[in-house]
Amino acid sequence: MIDRERSVVDKVTLSGALVGGGGLFLPVFIVKEHRLDAGFPVSFAGMSLPLFFLALAFVVAIAIVGVLPGLRRRSRNLPAVLAALCLFALLWAGTGIGGAAELAEYEFERGRVSPSSGFWIVLLAILIIVTHSMKQSTSVWLRGCVPLAFVATLIALFVVGVIDDVAFVREYYTREDRFVRELTAHIGIAAGAVGAAVAVGVPTGILAYRIRSLERPLFAVVNGVQTIPSLALFGLMIAPLALISQRFPILRELGVRGVGNTPALLALFLYALLPIVRNTYTSLAVMDPAVIHAGTGMGMTRRQLMWQVEVPISLPIILAGVRVSMVQTIGNTTVAALIGAGGLGNFVFQGLGQAAPDLIVMGVIPIVILALLADRVFQLISEWAVPGPKRGAV
Amino acid sequence: MTSRAMRATFQIVLLLFLLLFVYMLDFRLGVLRLLFPLQRELIYQRVTLPTLVIQHLQMVTISSAAATIVGLLIGVAVTRPAGRDFLPLARDLSSFAQTFPPAAVLALAFPVLGFGFRPTVAALFVFGLLPVINNTISGIESVDSRIVEASVGQGMTQKQVLFRTELPLSARVIVAGIRTSIIINIGTATIGSTIGAGGLGTVIIAGLVRNNTAFVLTGAITAAGIAFVVDWLFGRIETLFYDPRERVTT
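Residues numbered from 1 in each chain as written. Chains lettered and ligands numbered in written order. Predicted model: local features only at pLDDT ≥ 70, side-chain atom pairs only at ≥ 80, totals over all residues.

**Observations regarding the overall build of chain B**
From N to C terminus, chain B includes eleven helices and zero strands. Taken from N to C terminus, the helices and strands of chain B fall in the order α-α-α-α-α-α-α-α-α-α-α. By principal-axis analysis of the C-alpha atoms, chain B measures approximately 75 × 55 × 25 Å. Looking at chain B as a whole, 42% of its 250 residues are labelled buried. (Helix = DSSP H or I, 4+ residues; strand = E, 2+ residues; numbered from the N terminus. Buried ≥ 20, exposed ≤ 12 C-beta atoms within 10 Å, placed from the backbone.)

**Let's talk about the overall build of chain A**
A count of helical and extended segments in chain A gives 18 helices and three strands. Projecting the C-alpha coordinates of chain A onto the three principal axes gives extents of approximately 70 × 65 × 30 Å. When contacts within chain A are restricted to residue pairs at least 6 apart in sequence, those whose partners lie at least 24 apart make up 75%. (Contact = placed C-beta atoms within 7 Å.)

**Topic: the environment of Ser283(A)**
All names here are of chain A. Examined against the element boundaries, Ser283 turns out to sit in helix α14 (residues 261–285). Judged by the 24 C-beta atoms lying within 10 Å of it, Ser283 is buried. Ser283 sits 39 residues away from Val322 along the chain, and the two C-alpha atoms are 13 Å apart. Aside from chain neighbours lying at most four places away, what touches Ser283 is Ser314, Ile317 and Ile318.

**As for the interface of chain A and chain B**
Across the boundary between the two partners, chain A contributes 38 residues, which contact 38 residues of chain B. Put simply, the parts of the chain that give the side of chain A that touches chain B at least two residues each are α1 (11–24), α7 (117–136), α11 (212–227), α12 (230–247), α16 (302–336), α17 (345–353) and α18 (357–385) of chain A. With nine residues, the single largest contributor to the side of chain A that touches chain B is α18(A). Across the side of chain A that touches chain B, the residue classes tally to 26 nonpolar, eight polar and four charged. (Nonpolar A, V, L, I, M, F, W, Y, C, P; charged D, E, K, R; others polar.)

**Examining the domain arrangement of chain A**
Residue and element names in this part refer to chain A. Under the domain assignment, chain A is made up of domain 1 (3–168) and domain 2 (176–385). For domain 1 and domain 2, the distance between their C-alpha centroids amounts to 35 Å. Counting residues at the interface gives seven residues for domain 1, matched by eight residues for domain 2. Mapped onto the side of domain 1 that touches domain 2, the elements with two or more residues apiece are α8 (140–160) and α9 (167–173). (Domains from an automatic or database assignment.)

**A look at the confidence of the model for chain A**
All names here are of chain A. Averaged over chain A, the pLDDT score is 83; the fraction of residues at 70 or greater is 90%. Ranking the elements of chain A by mean pLDDT puts helix α6 (residues 100–107) last, at 56, and helix α10 (residues 176–210) first, at 94. For the stretch residues 1–5, pLDDT sits under 50, and the model shows zero contacts to residues farther than four places along the chain or on other chains. Counted against residues more than four places away or in other chains, residues 390–394, with its pLDDT under 50, gives two contacts. (pLDDT = per-residue confidence, 0-100.)

**As for unusual backbone geometry**
Despite not being glycine, Ala355(A) shows a phi value in the positive range, around 50°. Examined against the element boundaries, Ala355(A) turns out to sit in the loop between α17 and α18. For Ala355(A), a count of 16 C-beta atoms within 10 Å translates into the label partly exposed. The residue Asn211(B) is not glycine, and still its phi comes out positive at about 60°.

**Some words on the sheet that holds strand β2 (residues 40–43) of chain A**
All names here are of chain A. Ordered in space as β2-β1-β3, the three strands form an open sheet in which the pairing is antiparallel. In the strand order of this sheet, the two ends are held by β2 and β3 (112–115), each with one partner. Pairs of neighbouring strands in the sheet enclose a mean axial angle of 35°, with direction left out of account. Sheet analysis places strand β1 (residues 27–32) next to β2, joined by four bridges and oriented antiparallel. Considered in β2, the bridge of Pro27 is made with Ser43. Contacts from α7 reach β1, β2 and β3, with the element oriented near 140° to β1. (Pairing = 2+ DSSP bridges. Axes fitted to C-alpha atoms, helices over the stretch in contact; angles between N-to-C directions.)

Shown next, in the form of structure tokens:
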């Protein structure tokens, strides 16, 4: 089969456009007086007809790219990505310039705008189109830049102040200082736990490979820890740590208590171990013995063999483990807020406690962005760490 | 004792402990009194532990069953000729969505769906889909194309190829995906109590709020125990699908 008879019409781009177009007809925003208000839905067309037609034009542009194979092949679907980026900007900016905010101010003294079903559906369509288009491009550079462009657009809109009326941005402005503090704490806790897990996990993985009798019990323990629900593991840390801090006043003065950052760090560290230990072990297990033999045959010393052969081969695999750990830990740090640790989870659970969705969204968005950023960054690092001539080869 | 026998003994002991801990009040009281001699209130009074266990298992069973069915359907659909265009998209989107923290997904269920049992189940369902989709795709993709061609050559219909060749050969990978999905859901359901879903998180949160470590431990032990037991169960199911020839060739 030659080229698997690629259909002329790009079904995925086209269905993305269809989903996006549908979303535009649904209510995109909910305008509310205050955060507990139920509010009333506003559709794009009801907000501003010119903006609605502009958004529709972008969707049509995407659909046209979807049915023109020549254009698609030559441009690597780039026009569709560009149109999606414009749609993305328009969607957010609509809250400020589109009149939704004016609508809010007209009805209420100082209203706020929350994204509604239409907003999420258009966002999903954009995600579909962009993810699909990235697959067509082999350039690592392009694949790195496009997600950044979206993040940059959002940040630019935020800085300009166009999205100030969006409810969760409003929530942010009322607690700017605390936000910075919790964000720093979140990153600090997650990075500390993963750092410790790397320091312990890599030697443990090597040990599990070298000493065969250790392999099974070690993995049973590390696997077992991952099975325990996160909230339960955090809970299990409290009693022993409280006991230890009562027995040893020095530790208590250092801040070791049953609740707070210490049990959180310990539990997150235990969670983060598995991917690192497993990948370190795997990286050694999959190493072709012929490579080692070749190294020895070339007269390499034990040290040279380690630094010039073993480490370069296993590093990308270990880094992939660190990446999984990091993404997972950033997520689990959210839950740590429940046992009194710092981090963005505090906003999430405070929002849940007060039944304030805007506050929850304000906490969740940076967590998700952090997780995605960590994922991207570690992916780039491990791609870069692959030895040998590789640029553009994958 | 061989290591396998040791493991089996350990599992039986833990299962017995779990059953006694949940269903025999005096046993639980004894254990907790031993651990917390100074704590006056050892037993959570508002809801009984067996009820919380049932709630927890209900949430997980409903969401994981739905996630398994829908995830399998999506995984199969995108590996058919008609849906093949969507295969990279399904794989990328589901791995993209997996970088979302489960706690975040659960928290977002509240603004969209409100408080209680059903929003939690919905969030667990969405998150539980991802490992099933991923593993169904990679399971079916990993089936040797020569075997598929041989099946077609024997005159099997597309449906027969799917049910007699592709699914049986990828069953182990798919079951591993279902296992991951269920274990994640057991963990995330614990956090579900913060949006009023009940379950074992209820007693943990109550303990955290009232500074009662006995409550926290009650919930933590039970939730961890259930996760272990379910994990072993699925470990067993997975081994049923091992191809006996595989051990020889690899």
